[in-house]
Amino acid sequence: MSVDVECWDQIICRNLTGETIKPGRSCLEGARSLLGLFKERDIKATFFVLGNVAEAFPDLIRQIDAEGHEVAAHGYSHTPLRNLTPTGFKEEVDRTVSLLTRIVRKPIHGFRAPEFSITMNTLWALDTLVDYGFRYDSSIMPLASSRYGIDGFPFGPARVHLDERSIVEVPPSTAQALGRRFPVAGGRYLRLLPYQVIRGAVRQVNKEVGPYVLYLHPYELSTERLTCRSFPCTVPSTQAWKTEFLWNWRRERIRGKLLRLLDEFRFSPVREVLARAIGN
Ligand SMILES: [Zn+2]
């Protein structure tokens, strides 16, 4: 079970206007509501936290840690690696790791790149992660796509060797259907696919490669309509309408599907699953 701790307004402003804005309170509320749900269902998860969210809400990160979840890193500003130089990436990792370790006072073992953006062109990022002591990464989508992914990458956890050193890669889950491979770990797939399809995908992943990797975002379970209206960045109205429609469509169904998944399957933080699966 994993959560990418980032804010909807930040992601939309960056994607549509290129502006970087500070995380807002809705992000904090979304994350706390997920924490409440996990507590109620006795679930522990891995929270991949954005550096700028940790900077704005250090108490939230302390709460995540205090409630027994794993705190991991998601970069500082949610810039995809294709838009960063190796030096820029190193600066992002450096800033995020020092913030997180200062807040939780323990080493950070896991990393997930914004938009799963470790591809063949940005594989250099794994070296930086090893330099910073990361034990695992969860950024490589094991399929061919124009947006992300490495075609032919193992579908389940695998050790990636880098000269003398290595890191474990935990790819987001994908499943085989209609003669091709589809991402099924979260995001729009969790929102749009019927529960029976998701359940079938989880069973397929469990059978084929072991653990199913699920990811959620704090804003996905919010009961309020996501809207660009109160944004600190200016989104043109036609883009705002389209964005709101796409992100709100069937979003109210995520909660029910998540609850059914929690009823049917057992979930743990990435670190714990890896320790059981490959002794990492
Ligand atoms: Zn993200």
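A quick note: this is a predicted structure, and the numbers were derived from the prediction, not measured. (Residues numbered from 1 in each chain as written. Predicted model: local features only at pLDDT ≥ 70, side-chain atom pairs only at ≥ 80, totals over all residues. Heavy atoms only, no water.)

**Student:** Just to check I follow, could you spell out the overall build of the chain for this structure?
**Tutor:** When its secondary structure is counted, the chain shows eleven helices and ten strands. Relative to the globule expectation of 19 Å for 280 residues, the C-alpha radius of gyration of the chain, 18 Å, shows essentially globular dimensions. Principal axes of the C-alpha set define a box for the chain whose edges measure 50 × 45 × 40 Å. Pairs at least 24 residues apart make up 75% of the contacts formed inside the chain by residues separated by at least 6 positions. Of the accessible surface of the chain, which amounts to about 13100 Å², a share of 50% is contributed by carbon and sulfur atoms. Averaging the positions of the 38 positive and the 31 negative side-chain charges in the chain gives two centres separated by 5 Å. (Helix = DSSP H or I, 4+ residues; strand = E, 2+ residues; numbered from the N terminus. Rg over C-alpha atoms; globule rule 2.2 N^0.38 Å. Contact = heavy atoms within 4.5 Å. Areas by Shrake-Rupley, 256 points an atom, 1.4 Å probe, with all protein chains shown as cover. Lys, Arg positive; Asp, Glu negative; His and termini not counted. Charge placed at Lys NZ, Arg CZ, Asp CG, Glu CD.)

**Student:** I would appreciate a short explanation of the coordination of the zinc ion in the present structure.
**Tutor:** In an ideal octahedron of six donors the angles at the metal are 90 or 180 degrees, and in an ideal tetrahedron of four donors they are 109.5 degrees. Summarising the metal site, the zinc ion is bound by the protein donors Glu 6 (OE), His 74 (NE2) and His 78 (NE2), whose distances to it range over 1.9 to 2.1 Å. Along the chain, the residues donating to the zinc ion fall in the pattern E-x67-H-x3-H. The pair formed by His 74 and His 78 is uniform in burial state, with each residue classed as buried. (Donors = N, O, S within 2.8 Å, 3.2 Å for Na, K, Ca; no water. Buried < 20%, exposed > 50% of the residue type's maximum accessible area, 1.4 Å probe, protein only.)

**Student:** How should I be thinking about the packing of helix H2 (residues 25-41) against helix H4 (residues 58-66) in this particular structure?
**Tutor:** In a packed pair of helices, the relevant descriptors are the angle between the two axes and the axis-to-axis distance. The contact between H2 and H4 brings their axes to 11 Å, and the two run at 10°. As judged from the angle between their axes, H2 and H4 are roughly parallel. In contact with Leu 28, Ala 31, Arg 32 and Leu 35 of H2, H4 contributes Asp 59, Leu 60, Gln 63 and Ile 64. Of the residues assigned to the contact of H2 with H4, the class counts are five nonpolar, one polar and two charged. (Axes fitted to C-alpha atoms, helices over the stretch in contact; angles between N-to-C directions. Parallel < 35°, antiparallel > 145°, perpendicular 65-115°, else oblique. Nonpolar A, V, L, I, M, F, W, Y, C, P; charged D, E, K, R; others polar.)

**Student:** Even after reading the chapter, I still don't get the layout of surface pockets, so can you show me in this structure?
**Tutor:** Space left empty within the atom packing is revealed by a probe, the size of a water molecule, rolled over the atoms. Approximately 790 Å³ is the volume found for the largest pocket. As for the largest pocket, its lining consists of 33 residues, of which Ile 11, Asn 15, Arg 147, Arg 188 and Trp 247 are closest to the centre. Those elements giving two or more residues to the lining of the largest pocket turn out to be helix H1 (8-17), helix H7 (187-192) and helix H9 (237-248). Considering only residue class, the lining of the largest pocket consists of 15 nonpolar, eight polar and ten charged. Space inside the second largest pocket adds up to approximately 430 Å³. Surrounding the second largest pocket, 19 residues form its lining, Ser 26, Ser 222, Glu 224, Arg 225 and Leu 226 being those nearest its centre. Broken down by secondary-structure element, the contributors of at least two residues to the lining of the second largest pocket are H1 and H2. (1 Å grid on protein atoms, 1.4 Å probe; cavity = no way out; pocket = protein on both sides within 12 Å on 5 of 7 lines; lining within 4 Å. Points joined across faces, edges and corners; volume = space filled by probe spheres on them.)

**Student:** When you look at the environment of Ser 139 in this model, what are you seeing that I'm missing?
**Tutor:** Within the secondary structure, Ser 139 is located in the loop between strand E5 (136-137) and strand E6 (158-162). For Ser 139, a relative accessible area of 0% gives the class buried. Separated by 130 residues in the primary sequence, Ser 139 and Asp 9 have C-alpha atoms spaced 22 Å apart. Among all residues touching Ser 139, those that are not within four sequence positions of it are Phe 111, Arg 112, Ala 113, Phe 116, Ser 117, Ile 118 and Glu 169. Polar side-chain contacts of Ser 139 include one of 2.6 Å to the side chain of Asp 137. (Polar contact = N/O pair within 3.5 Å; in protein donor to acceptor, adjacent residues only side chain to side chain.)

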